Amino acid sequence: MTVLRILFATFFVYWMCRAAGYLLLRVLSFTLRRSERYFFEFLAGVPLVSSLVFLLASTHLVYTRLLVTVGAAIMICAVVLSRRAPEHNRPAEYPPLSLTWRIVFWLPYLVFAGLYIVTAMGPEISPDGTGYHVGLIARYYEHRGFYSVATNQFAGLGEGIEMLFLIAFALGRHSATATVHLLFLLTLPFGMMAWSRRAGVPKAGIIGALLFYLAPVVGKDGTIAYIDVATAAVVFAMFFFLELWRNEQLERALVPAGILAGFAYACKITASTAIIYAFLCVAVVSIRRREKIGVLRPVALLVGFASLMAVPWMLKDAIQFGNPFFPLFNHWFPNPYQYPMVEMEMRRLMMSVSGVTFSQIPYQATIGGKLFGVLGPVFVLAPLALLSLRTKAGRVLALAFVPIFLPYFTNIGARFLIPSLPFLALALGIGLLSIPRIGMALAVTAVLAHAGLSWPENMNAWSPGFQWRIDQTSWRLALRLTSEKDFLEKFWPDYKPGLLLDQFVAPGERVFSPGMGQMAYHHREILGTWDSAAARRAFITYLMAIEEHLGATWNRELRFPTVTTDRIRLVSDTKMDTDLRISEVRFALDSTEIPRRPAWRLTASANPFEVQYAFDNSSVSWWTSGAPVEKGTWLQTSFGTPSSVNRVLIAQSEDQRWIALQPEAWVDGKWTSLRSRETDVREPPRATLRMEVRDELKRLNIHWILMPDTFYGADDLRANAPYWGITQMGEVNGFRLWRLN
Amino acid sequence: MLTRSFPQIACRARLCLAGLCLSTIACRDVEYPVPAQLSTPKYRIDAVLDRDRAHSSFPESSVISGVQPDTQHYGWSWTNPRAILQFPLNQAEGWDFTARITGIGDVLAKSGPQTVTFSINGQTVKTARLDRAGTVEIEFPVSAGLLTQPAKTDVVMATQPCLAQASGPPLCVVLQRIGFTRESF
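Residues numbered from 1 in each chain as written. Chains lettered and ligands numbered in written order. Predicted model: local features only at pLDDT ≥ 70, side-chain atom pairs only at ≥ 80, totals over all residues. Heavy atoms only, no water.

**Q** Lay out the pairing of strand β3 (residues 553-572) of chain A in plain terms, naming residues and giving numbers.
**A** Residue and element names in this part refer to chain A. A large share of β3 lies buried, amounting to 15 of its 20 residues. Bridge analysis of β3 against strand β12 (residues 677-683) gives seven bridges, and the strand direction is antiparallel. The residue of β12 that forms the bridge with Arg556 is Asp680. Where β3 lies against strand β10 (residues 661-667), five bridges are found, and the strand directions are antiparallel. Directly across from Arg569, in β10, lies its bridge partner Glu664. (Buried < 20%, exposed > 50% of the residue type's maximum accessible area, 1.4 Å probe, protein only. Helix = DSSP H or I, 4+ residues; strand = E, 2+ residues; numbered from the N terminus. Pairing = 2+ DSSP bridges.)

Okay, structure coming up:
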């Protein structure tokens, strides 16, 4: 039954998209060849169906019956209209390829399709899939649509493909999301070949399509609930329609091109360069044509339809997170949901995955595997793609490849090459075939070698060490002859801890879970260590009880000549690569503290959303600048009425001692620096600190800790549970669930 | 029809987006009131040299002279007739002076009753008399005027009479704890 549900969900999504695409192309009076329709009708429909689900999710109408009804209605419309379609307008099919070339394509294609299908139908346990691609979708399904997710920055990423996953999840649950992603992998080679035929390089199309399709990292990615292969398909379809507009001067091709360009942004923010490519392509070509209607109309058409797809996601993020590009650009669009510093840390991390330098990328991405996946040794021949520049098709591919490829340097994981890989693979196909005399033999040999080397069992022979590749394939599991639940319990350490959460944690209570991020197989809200501002705050707060430099208090006293002012600032005089954190600020005149009054107003130059933590009378809560401290970063207190002050008492973690703070007062209409003398005293971690941390976590609505025994500080929880004030409620797979008493 | 009107729609959408972005940026200057004050428990801040504890709250507190090293780790140290100690205090107000000294029977039997005088920054603030063996706890508030800022605070503990030894400095009393303590805000 599970298998039937998965298959039904997959076919339902495919035909729903194809039907929607058919309707769009019919409205635009497009006529595609039969061989082109498998891919381009599907891809033209994907953004439309995704937008429809976006609409339903926005209005909390994600009900299985409604999804089925809407999908069926679209399919019925398409069937009815297709029967009335004038077949005589359809362009003539291309002559069939020779039997040899058909065997060269179909043999590896079908063999690997079998492998891919069996793999995709297995239980979905991919890290990002269970973390958010499916994890969040499962939550949306529970909530019947979008809801406020303040604890997971991935909720801010474009979820264009995930909207298709939402239909698949409603009908076929977790594995159906992977099989829907597989649809893109199975159909993209046909799109690549279709373009190649139009470009007059059909054999290069077969070579390029197979080079892409058989690549280990593509196979791995395309058979799990990720979105990279789908994004590649979307970008390539956009490219196809742009070429259609350019070569055949079909202005209406700009509609699907614009839709797909905008949708590329909705799929993956790094694919947003597709919009820039499309814009430049249309603008430059229009200028060169010197069209009477000018440049504006085609550009406006393209940008307009692209906006239709991209802007709703920006609006969603602007409304939900206060940043239209969340979780990126938080420095420009400050918000309380993610610190710019965490974003910067992630950027740094992603730009040097496993310590791989840019010069090592070619080896690691093709053979080495340190970038989490490999393209295969055949892609060592990639420089031969430059030979394709001698042809027009090659130059067109190169122009598309460059902008799609460039964002790769922001995250050098191998799978981030996938969106630009179809262009490289096709160019490599053209390049190989263009070599005199041996070109064809070399190209076919390369493809066959690629197939042999990419087969999972053969990869151990050439790949050094662990590779991110297809490694768990079982047709018994795919057909559910082996129980999915048994498999998850036996082979996936994250499954049972999730069940533990459902068993003990009440809905609405947050769980600090630094070592387990899957959200797909339980229903509770978890916080990691970096995936939101709340998670980072919980993590640092936890560390205060573990790490002495964070737990020890650095008490500063700034004394200065008495000043009467209504506003005072503490200004950083240091630039460092850490954030500025202040636990408590107090003002005094001689020995008398100026009592905090409701009339006081607090703000800061960075992260003002959390400024109150520095004035809440708790030394384990803290305001953070959320960004690396700069000279001039300030925290401001307005007293409401002029007050005389000559002392400021500041409590911080000891690690903040190196950041100099200077008081400034608002005097005579300007900020005046106060000449101060500073006295610092270190106060060691208090005996009650663990319980204070526990109380602070509870104030953050965290009532539980789920932690693997191997996590930093986990031994302290075990050894000092009474001093923490926590009780162990369960233990499974090396994870312990602690309740904060 | 669609293509003609769409640029206008797109233009409006972009204007809305720009408005949202600007309003987001404007939020940077937002001000917040003082939050509810959490009732965190008060705790003691100690500037104390304590022979029974592994560390002092104020690592910079130090013995200048007159207290013999606690080489045996017995948790006590003999003082000389004039012991000088120094404490860095981060503020002048609110401190209590605290000391725990023990008069030793053998010493008292030979030297007679002892007088221990405590001075802070040169001013005598307390005199304690030891007639018999036992521990004496001393604690009293310190006037803010005595504690100069930001200089370190000198404490002199003078003891008379003491027991002279054939070799080494005379033995006076056993100092277990001395320093300043106050409540946090």
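**Q** If you had to explain the state of the cysteines to someone new, which residues and values would you point to?
**A** Residues and elements named next belong to chain A. The tally for this structure, following the rule as stated, stands at one disulfide over all chains. Here Cys77 stays free of any disulfide, with the sulfur of Cys17 as its closest cysteine sulfur at 15 Å. For Cys77, a relative accessible area of 40% corresponds to the partly exposed category. (Disulfide = S-S within 2.5 Å.)

**Q** Explain the nonpolar core to me, using residue names and the numbers behind them.
**A** Proteins that are soluble and globular tend to have nonpolar side chains buried together. Residues Phe184, Trp195, Phe212, Tyr213 and Leu242 of chain A are the most contacted members of the largest nonpolar core, which totals 201 residues. Here this core takes 15 residues from helix α11 (residues 228-248) of chain A, the largest share from any one element. Excluding residues within four positions of it along the chain, Phe184 of chain A makes contact with Phe42, Leu43, Val46, Ile161, Leu164, Val229, Ala230 and Ala233 of chain A. In this structure, Val563, Leu580 and Val629 of chain A together with Tyr32 of chain B belong to the second largest nonpolar core, which totals 30 residues. (Core = buried A, V, L, I, M, F, W, Y, C linked by side-chain atoms within 4.5 Å. Contact = heavy atoms within 4.5 Å.)

**Q** Just give me the short version of helix α6 (residues 135-143) of chain A, but keep the residues and values in it.
**A** Residues and elements named next belong to chain A. Across the nine residues that make up α6, a large majority, seven, are buried. Taken together, the buried positions of α6 are occupied by Gly135, Leu136, Ile137, Ala138, Arg139, Tyr140 and Tyr141. Tucked into the core, α6 has its buried residues touching α3 (64-83), α5 (127-133), α7 (160-172), α14 (296-321) and β2 (525-527). At the exit of α6 stands Arg144, carrying a positive phi of roughly 65°.

**Q** Just give me the short version of the sheet that holds strand β1 (residues 510-512) of chain A, but keep the residues and values in it.
**A** Residue and element names in this part refer to chain A. Taken together, the five strands give an open sheet; going across it, the order is β2-β1-β13-β15-β14, and neighbouring strands pair in mixed fashion. One side of each edge strand has no neighbouring strand; the edge strands of this open sheet are β2 and β14 (726-732). Across this sheet, the average inter-strand angle for adjacent strands is 25°, counted without regard to direction. Bridging between β14 and strand β15 (residues 735-740) involves six bridges; their strand directions are antiparallel. Directly across from Glu731, in β15, lies its bridge partner Arg736. Across the sheet, helix α23 (residues 495-504) is in contact with β1, β2, β13 (702-708), β14 and β15; its angle to β14 comes to roughly 135°. Contacting β1, β2 and β13, helix α24 (residues 533-544) crosses the sheet at an angle of about 50° to β1. (Axes fitted to C-alpha atoms, helices over the stretch in contact; angles between N-to-C directions.)

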